[in-house]
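What follows is each chain in one-letter form.
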Amino acid sequence: MCVYEDMLANVKLEYLDYVELFLDFVAPFLNLYFLVLLRKTIFHLNLRILLGNFALGLCFLTIFRIPLLLDTFFEFLKDLPNIETFLHIVHNSFVILIVDGAILLTVERVFATVYADKYEHVVYTHVTVFSSCVLWIFNFGIAFMSQMRMNQSFVVGNLVIYGEGAMKTPVDLIILLVLNIVSVLIFFILLFTSSYNRRQYRVSSADQQLTQRYQLSENIRTGRQLSRLMIANVIISSYIFVSLYFLSLNENRNFWTTFVTGFYEFVCSLACVLFPLILIWTHPKLKMTFLSHFSRKKKIDAMRTINDLPLIVKQNAQQQKQLYFDELKKSWK
């Protein structure tokens, strides 16, 4: 068994596994539902690919976690160490996606801001797909490195002991620390780009094309939506790093360190449910679609635009885009 599992077994709260198991079963369906919603032309294609990559990773995180969690009850993987190790590596690679998955989203938003005058017609799907695949491979490498290091250790009491010849340098944790720092930086970058887009939108539009005004309005709305996701992402990513540090390196264990690490897997599963809900709830059209599918209310309160005006939603994507242009024409000064 992975040493992380040995340590977590000593610090987990009672019945927390059952709540986590429930979240693990809910998360794949919720993320797949979000993927279905992404078929609508509500984001730029590049952003839809990256959001789909993020949601798919969250889906796989919980799918690979389910057999590992069930093994804590039934121990059916005890005689299958290679399969158990593989499941741990894949699961941990998608946990790392929580930490660095938002980086690609922010990079895409930066390009959308810099090239606002023509980004609406710019589609580089091959670059977006390639970068997503590279990120998955990179995360798998970190997870593999972490698993190999932990396989060379064993638990004595509350301490993690490394044997002779073990890889004691926590390169994986160093990389995770760097990724956490980067995630904080990109959060501020996203805030800056959102502020920049709002300033550009408010300036005189005499020298701006209508497509640029449209892209700026999309950047403002998307930036506002992603900022909420980034806040949750930074908090959860920081918690993941702190927990892994306490579980694998810290020798001064006390009540608080064991209490914090006891929620590690639960928080990862919770993130897989929380992130798609944030993305759905903060987007007017997605929220309206979600409520129409799951709410019993016949009347749904009117959504608001970036200018805090009632949002008119068209079912057809082309009609929705035309509506944006019509409204922008009215605001042309």
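Within each chain, residue numbers correspond to sequence positions counted from 1 in written order. Given that this is a predicted model, residues contribute local features only at a pLDDT of at least 70 and side-chain atom pairs are listed and counted only at 80 or more, while totals for whole chains, interfaces and linings are drawn from all residues. Hydrogens and water are ignored here; the side-chain numbers use all heavy atoms of the structure.

If you check an unreviewed UniProt entry, the chain appears there as G-protein coupled receptors family 1 profile domain-containing protein from Steinernema carpocapsae. UniProt positions are given in the numbering used here, feature names are shortened, and annotations may be inferred rather than shown by experiment. Quoted verbatim from the Sequence similarities (unreviewed entry) heading of the UniProt record, the comment on the chain is "Belongs to the nematode receptor-like protein sre family."

Once that is clear, we can look at the environment of Asp17. Every helix listed is a DSSP run of H or I at least four residues long, and every strand listed is a run of E at least two residues long, numbered separately from the N terminus. Looking at the element boundaries, Asp17 is found in helix H2 (residues 16-37). Remark: exposure states derive from per-residue accessible area (1.4 Å probe, protein chains only) relative to the maximum for the residue type, with buried under 20%, exposed over 50%, and partly exposed in between. According to the relative accessible area criterion, Asp17 is buried, its value standing at 16%. For the pair Asp17 and Leu70, spaced 53 residues apart in the sequence, the C-alpha separation amounts to 9.2 Å.

Okay, the confidence of the model for the chain next. Predictor confidence is given residue by residue as pLDDT, running from a minimum of 0 to a maximum of 100. When pLDDT is averaged along the chain, the result is 79, and 73% of the positions lie at 70 or above. By mean pLDDT, helix H1 (residues 3-11) is the weakest element of the chain at 50, and H2 is the strongest at 94.

Once that is clear, we can look at the UniProt feature "transmembrane region" (unreviewed entry) in the chain. The UniProt feature table records "transmembrane region" (unreviewed entry) at residues 18-38, 50-70, 90-111, 123-145, 173-192, 229-247 and 259-281. Along residues 18-38, the helical share is 95% and the strand share 0%, with 31 Å between the first and last C-alpha atoms. Helix makes up 100% of residues 90-111 and strand 0%, whereas the separation of the span's terminal C-alpha atoms amounts to 31 Å.

Turning to empty space enclosed by the protein, a few remarks are in order. Buriedness for pockets is judged along seven lines, at least five of which must meet protein on both sides within 12 Å for an open set on the 1 Å grid over protein atoms alone, while cavities are sets there where a 1.4 Å probe fits but cannot get out, and lining residues have an atom within 4 Å of a point. Grid points are joined across faces, edges and corners, and a volume is the space filled by probe spheres set on the points. Summed over the entire model, instances satisfying the criterion amount to 4 cavities of 30 Å³ or more. A volume near 120 Å³ is recorded for the largest cavity. What lines the largest cavity is a set of 13 residues, and nearest its centre among them are Asn92, Ile96, Ser146, Leu176 and Leu244. Listing elements by their share of the lining of the largest cavity, those giving two or more residues are helix H4 (81-114), helix H5 (125-151), helix H6 (171-202) and helix H7 (210-248).

What follows deals with the packing of aromatic side chains. For any pair of aromatic rings, the description consists of the separation of the ring centres together with the inter-plane angle of the planes. Here is the rule: rings of Phe, Tyr and Trp (six-membered ring for Trp) pair when centre to centre is within 6.5 Å. Planes less than 30 degrees apart are stacked, more than 60 are edge-to-face, and the remainder are tilted. As enumerated under the stated definition, the model contains 14 aromatic pairs in all. A ring pair is formed by Phe60 and Phe64, whose centres lie 6.4 Å apart and whose planes are at 65°; its orientation type is edge-to-face. Linking Phe60 with Phe64, this pair stays in helix H3 (residues 45-74), spanning 4 residues, or about one helical turn. The class for Phe60 is partly exposed, based on a relative accessible area of 27%. A ring pair is formed by Phe60 and Trp136, whose centres lie 6.1 Å apart and whose planes are at 85°; its orientation type is edge-to-face. A residue pair is termed long-range when its members are at least 10 positions apart, and Phe60 in helix H3 and Trp136 in helix H5 qualify at 76 residues. Given the relative accessible area of 25%, Trp136 is considered partly exposed. Aromatic rings pair up to connect Tyr15, Tyr18, Phe73 and Phe74 into one cluster.

Moving on, we get to the side chain of Thr128. Its location among the elements puts Thr128 in helix H5. When residues no more than four places from it in sequence are discounted, the contact partners of Thr128 are Asn46, Ile49 and Leu50. The contact definition used throughout considers only heavy atoms, calling two residues in contact when any of these lie within 4.5 Å.

A few words on the side chain of Asn46. Relative to the helices and strands, Asn46 resides in helix H3. Asn46 has contacts with Glu108, Tyr119, Val122, Val123, Tyr124, Thr125 and Thr128, leaving out every residue within four places of it along the chain.

Throughout this description, the term nonpolar core refers to a set of buried Ala, Val, Leu, Ile, Met, Phe, Trp, Tyr and Cys residues connected via side-chain atoms within 4.5 Å. Membership of the largest hydrophobic core comes to 62 residues, with the highest contact counts inside it found for Phe34, Leu51, Ile98, Ile240 and Phe275. Listing elements by their share of this core, those giving two or more residues are H2, H3, H4, H5, H6, H7, helix H9 (264-281) and helix H10 (284-294). Element by element, the count of residues in this core is highest for H4, at 12 residues. With residues near it in sequence (within four places) discarded, Ile98 still touches Phe54, Leu58, Leu61, Asn233, Ile236, Ser237, Ile240, Cys268, Ala271 and Phe275.

This paragraph deals with unusual backbone geometry. In the Ramachandran plot, Glu75 falls in the positive-phi region, its phi being about 55° despite a non-glycine side chain. Mapping Glu75 onto the fold places it in the loop between H3 and H4.

On the surface, a nonpolar cluster with roughly 600 Å² of combined accessible area is contributed by Tyr15, Tyr18, Phe73, Phe74 and Phe76. Within the fold, Phe74 resides in helix H3. A residue counts toward a patch only above 30% relative accessible area and without a salt bridge, and it is joined to like-charged neighbours within 9 Å or, for Val, Leu, Ile, Met, Phe, Trp and Tyr, to nonpolar neighbours within 5 Å. Per-residue accessibility takes into account occlusion by the displayed protein chains alone, with areas from the Shrake-Rupley method and a 1.4 Å probe. We define a salt bridge as a side-chain nitrogen of Lys or Arg found within 4 Å of a carboxyl oxygen belonging to Asp or Glu.

Here we take up the environment of Val99. Mapped onto the elements, Val99 comes out in helix H4. On the basis of relative accessibility, which here comes to 2%, the residue Val99 falls in the buried class. Considering only alpha carbons, one finds Val99 and Leu176, 77 residues apart in sequence, at a separation of 7.8 Å. Apart from the residues lying within four places of it in its own chain, the contact partners of Val99 are Leu179, Asn180, Ser183, Asn233 and Ser237.

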